[in-house]
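# Analysis of the macromolecular model
The lines below spell out each chain.
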Amino acid sequence: MSVVGFDIGNVNCVISAAKHRGIDVLLNEESNRETPAVVSFGEKQRFMGAAGVASAMMHPKSTISQVKRLIGLNFSQPDIQNELRVFPFKTSEGPDGGILIHLQYLGESLTLTPIQILAMLFSHLKEIAEKNLETAVSDSVIGIPSYFSDLQRRAYLNAAEIAGLKTLRLMHDGTATALGYGIYRTDSSESGPTHVVFIDIGHCDTQVTVASFEAGQMKVLSHAFDKSLGGRDFDEVLFNYFVVQFKEQYHIDVYSNARACIRLRTACEKLKKVLSANAEAPLNIECLMDEKDVKGFIKREEFEKLSMGLLERMRLPCNKALVDAGLTLDMINSVELVGSGSRVPAITRMLTSFFSREPRRTLNASECVARGCALQCAMLSPTFRVRDYEVQDSFPFSIGFSTEEGPICTLSNGMLFPKGQPVPSMKVLAVHRSSTFRLEAFYADQNELPSGVSPQISCFTIGPFQVSHAEKAKVKVRVQLNIHGIVSLESACLVEDQVDDSATRGNRHSSVDKVEPGNTSRVSSDAVHSHTEDGSSLQPESSPMSSGDGTRKKRYSRRLEIPVSENVYGGMTKADVLKAQEREVQLTQQDRIMEQTKDRKNALESYVYDTRNKLFNTYKSFATDSEREGISTNLQQTEEWLYEDGDDESERVYTGKLEDLKKLVDPIESRYKDEEARAQATRDLLKCIVEYRMAVKSLPTCDRDVINECNKAEQWLRDRTQQQDSLPKNTDPLLWSNEIKAKAEALDMTCKHILRSKASPPRPEDNQGPDVPHTADNMHTD
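Residues numbered from 1 in each chain as written. Predicted model: local features only at pLDDT ≥ 70, side-chain atom pairs only at ≥ 80, totals over all residues. Heavy atoms only, no water.

## Quick look at the confidence of the model for the protein
When pLDDT is averaged across the protein, the result is 85; 87% of the residues are at 70 or more. Scored below 50 in pLDDT, residues 766–782 shows four contacts in the model against residues more than four places distant or in partner chains. (pLDDT = per-residue confidence, 0-100. Contact = heavy atoms within 4.5 Å.)

## Some remarks on the nonpolar core
If you look at the biggest cluster of nonpolar residues, it comprises 86 residues, and the most contacted ones within it are I8, F41, F122, Y156, F401, L439 and V477. The element best represented in this core is helix α3 (residues 114–133), accounting for ten residues. Counting residues in hydrophobic clusters, the runner-up holds 50 residues, among them A267, V294, I347 and L351. (Core = buried A, V, L, I, M, F, W, Y, C linked by side-chain atoms within 4.5 Å. Buried < 20%, exposed > 50% of the residue type's maximum accessible area, 1.4 Å probe, protein only. Helix = DSSP H or I, 4+ residues; strand = E, 2+ residues; numbered from the N terminus.)

## A closer look at the packing of helix α6 (residues 231–250) against helix α7 (residues 258–275)
In the contact formed by α6 and α7, the axes pass within 9 Å of each other and the chain directions differ by 115°. α6 and α7 meet at a crossing whose hand is right-handed. Contact residues: α6 offers G231, F234, D235, E236, L238, F239, F242, V243 and F246, while α7 offers C261, L264, R265, C268, E269, L271, K272 and L275. Here the contact of α6 with α7 is composed, by residue class, of eleven nonpolar, one polar and five charged. (Axes fitted to C-alpha atoms, helices over the stretch in contact; angles between N-to-C directions. Left-handed = near helix turned anticlockwise from the far one by under 90°. Nonpolar A, V, L, I, M, F, W, Y, C, P; charged D, E, K, R; others polar.)

## Some thoughts on the sheet that holds strand β10 (residues 108–112)
In any sheet, the strands associate via hydrogen bonds between backbone groups, in a parallel or an antiparallel arrangement. Read from one edge of the open sheet, three strands run β8-β9-β10, paired in antiparallel fashion. Sheet topology places β8 (90–93) and β10 at the edges, where each strand pairs with a single neighbour. Averaged over all pairs of adjacent strands, the angle between their axes in this sheet comes to 35°, without regard to strand direction. In terms of strand pairing, strand β9 (residues 99–105) meets β10 through five bridges, oriented antiparallel. Directly across from I101, in β10, lies its bridge partner L112. Contacting β9 and β10, α3 crosses the sheet at an angle of about 90° to β10. (Pairing = 2+ DSSP bridges.)

## Some thoughts on the pairing of strand β14 (residues 206–214)
Most of β14 is tucked away: eight of the nine residues are buried. Note that strand β13 (residues 194–201) and β14 share eight bridges and pair antiparallel. Counterpart to D200 in the pairing with β14 is Q207. In sequence, β14 turns back onto strand β15 (residues 217–226) through a hairpin of two residues, with G216 there showing a positive phi of about 80°.

## Here we look at the sheet that holds strand β25 (residues 456–462)
Spatially, five strands are ordered β21-β20-β24-β25-β31 in an open sheet, and the strand pairing comes out antiparallel. Here the strands that pair on one side only, and so sit at the sheet edges, are β21 (406–407) and β31 (564–568).

## So, the pattern of salt bridges
When the charged atoms of two side chains lie near each other, side chains of opposite charge can form a pair. Applying the stated criterion to the full structure yields 36 salt bridges. A salt bridge links K272 to D235; the shortest N-O distance between them is 3.1 Å. Within this pair, whereas K272 is found in helix α7, its partner D235 is found in helix α6, the two being separated by 37 residues in sequence. For the residue pair K272 and D235, the accessibility class agrees, reading buried in each case. With its nearest N and O atoms 3.4 Å apart, the salt bridge here joins E367 to R371. (Salt bridge = Lys/Arg side-chain N within 4 Å of Asp/Glu carboxyl O.)

## What to know about unusual backbone geometry
Here the amide bond leading from V423 into P424 is cis, since omega sits at -5°, within 30 degrees of zero. Structurally, the position occupied by P424 is in the loop between β22 (422–423) and β23 (425–433). Each neighbour pair has its own omega, and for G463 with P464 the value is 5°, a cis peptide bond. Along the chain, the position of P464 falls in the loop between β25 and β26 (473–481). With phi around 60°, H251 is a residue other than glycine that occupies positive phi space.

## Focus on a positive patch on the surface
A surface patch of like charges, here positive, comprises K270, K273, R343 and R361. Looking at where R343 falls in the secondary structure, it is placed in the loop between β18 (334–338) and α11 (345–355). R343 gets classed as partly exposed once you look at its relative accessible area, which sits at 46%. (Patch = residues over 30% accessible without salt bridge, like charges linked within 9 Å, V, L, I, M, F, W, Y side chains within 5 Å. Areas by Shrake-Rupley, 256 points an atom, 1.4 Å probe, with all protein chains shown as cover. Lys, Arg positive; Asp, Glu negative; His and termini not counted. Charge placed at Lys NZ, Arg CZ, Asp CG, Glu CD.)

## Quick word on a negative patch on the surface
Together, E640, E644, D645 and E649 line one region of the surface with negative charge. Note that E649 resides in the loop between α15 (625–642) and α16 (651–697).

## Points about the environment of L686
Structurally, the position occupied by L686 is in helix α16. Taking relative accessible area as the criterion, L686 reaches 36% and is therefore assigned partly exposed.

## Description of the state of the cysteines
Per the counting criterion, the structure on display carries zero disulfides. Here C688 is not cross-linked by a disulfide; its sulfur's nearest cysteine counterpart is in C751, at 6.5 Å. For C688, a relative accessible area of 9% puts it in the buried group. (Disulfide = S-S within 2.5 Å.)

## Some thoughts on the side chain of R153
You can see R153 is positioned in helix α4 (residues 150–162). Of the side chains with opposite charge, D150 comes closest to the buried, unpaired R153, at an N-O distance of 6.4 Å. In this structure, R153 is in contact with I144, P145, S146, F148, L170, H172, F395, H484, G485 and I486, ignoring residues within four places of it in sequence.

## Concerning the side chain of T348
Relative to the helices and strands, T348 is located in helix α11. Residues contacting T348, with those up to four places away along its chain left out, are L337, S342, E358, P359 and R361.

## Observations concerning the packing of α15 against α16
Relative to each other, α15 and α16 sit at 160°, their axes nearing to 11 Å. It follows that α15 is roughly antiparallel to α16 by the angle criterion. As for how α15 packs across α16, the hand of that crossing is left-handed. The residues of α16 that touch α15, namely those facing E627, I631, N634, L635, T638, W641 and L642, are V653, Y654, K657, L661, L664, V665, I668 and R671. For the contact of α15 with α16, the per-class residue count stands at ten nonpolar, two polar and three charged. (Parallel < 35°, antiparallel > 145°, perpendicular 65-115°, else oblique.)

## Considerations on the packing of aromatic side chains
This structure, assessed with the given rule, holds 24 aromatic pairs. Ring geometry for F148 and Y156: centres 5.3 Å apart, planes at 75°, overall edge-to-face. The residues F148 and Y156 share a single accessibility class, namely buried. Taken together, the ring pairs connect F6, F122, Y147, F148, Y156, F225, F395, F397 and Y443 into an aromatic cluster. When the ring centre of F239 is taken as origin, the NZ or CZ atom of R265, which lies over that ring, is 4.0 Å away. (Phe/Tyr/Trp six-rings, centres within 6.5 Å; stacked < 30°, edge-to-face > 60°. Lys NZ or Arg CZ within 6 Å of the ring centre and 35° of its normal.)

Structure (structure tokens):
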């Protein structure tokens, strides 16, 4: 059973697996530890990961990247519109207000959702993990940003389900990083908890997590974030700088060309890395657009000045995380800096200034989230034994509930799950209703949410149900903030008080025993666990009631489970998930067909080149001039066909061409291979003859039968070999190696039989008739 953790980044993904010797990061097909989060649609198949990056330049409008930024969000949001303007692929608004991606595939228009694209990425990562682990992958823990809404979390679960993954937990990136940091700590302080701030600067966001560590446990105190501040924003600073420069210097508008934008952004990302280690750096791109080569230059000092606004923004989540955790700067023991965008020197200087200490880099900046997820998966899986370590996460948003009558207030602030609530959590609501009603889940504080996120979460319809009297009955509702950080309604139960007057003092068949003076009644076990026909349970109260006629009455609590239906605003239904699974199966099958077709085409091409080389070298003496000329002509025709009309054919056509060539070449190949096999078979037969001759000589009496068989075999081999040697090599052999092997096997069986029969003569009792009884030695019969 596999135990896998996934970190789905905006640009790259990391897969980590728990093994008996520890946590390993799995390598992809290019032997890299990071896999690009890219899905590209070619003309007839998909390309994912590194292959998707290679295909992006050929199919820019059918290549989807940074899908993490589009999951679970509305098309009309201003920040989403800004995101979509950067992407070269076409998008539109869906019926539910979500995002639809339009592209061309197999000559037709294909419409997909970001969830389906994410599911394709999950399928690719799952395939990489299965190849590495050589076993099926199912259970997993997936890292997510702490700012993800309920809808985005559900979208991740749906995408994983479409890909065939079972998600044991959606884990906040900061919590996963803190787990990987804390579980290996051996220097826990006995004076109190150790407070550590984890700052994760990714490609597109910044997350700050404050955690406290004690022996055998960790507790997340707060999460803070800026979901639109990451390494790519520093890349964009360079991109905009050079766009303006190139427009003035070369009179070209990079924004007008999608391919030029991709190339310039890639160059700016590399330039940022160069500036991290150098005071200045040049930029050179050949034929960027309009057949113009461009050159640029920038100093680190100038770059940092352009990025000053971004650096100031990074202080805000750091300060917010400390305030929410209730800590001051002097209470922080350490600051850990991770994330792919954290390598800019100016960021380190800013954080050093803010925290009055230099951030440490004891964790792998790109792999810490995936490693923490794999650790959590191992802790949740029964396959591995992990030392006891308690992980308590917190939820960064406040959640409230309301009915038609208004908000349900359980606390002074009117929130059911306040900000900082431990995850998972369960609460029971008691409401009084007489018929079907609805519960609305919502984010109670809009200011806590990222911009553009709707405060609505989901609506639960509880009912139908009926009460036995006109008054409102009590309904108990179990509400959960589950391990994924998703709000769910576990169950709803109708609770009614009823009086049972069937029990009397003198009735022998009553389930209530006779009450003696001064004693309380005793209720039988049958009465405690009895059930009504409609499935409700009857539970007795602690004291009986007495009527004026002497009848002892009993009060019961009647409980009835009420059906609950859920409507997630903007979420996928089960039917949508099944339809997406079917589509994924179809696309996967098409990819498989195309891969098999390419394999057959490559096999045919390889066979053409390999055979042509052997025909005039290895096989030269085994083929006649006419055979060589005919095969050479066919090879030349096949090669020309491959690069012209046969460049895009089906697997069946390539297989047929290969079989036709093999029919011409196989006789020559058989002659070549059989010559060596015939020599080996001859040696084996002669060895067998010599061994039996030596075996007979060692016996007390020489056995002529064995000698005769050996002589016959030797003479047969001599005669057939002479006939074969008289023939040229370019004709089919008269003596094949399998004939010699068959002769050796026959000689071996014959000689063994002869020696066995001579070595063990028949016993006297074996010659007795069937009617003569067999008796053992020294025994008498009457």
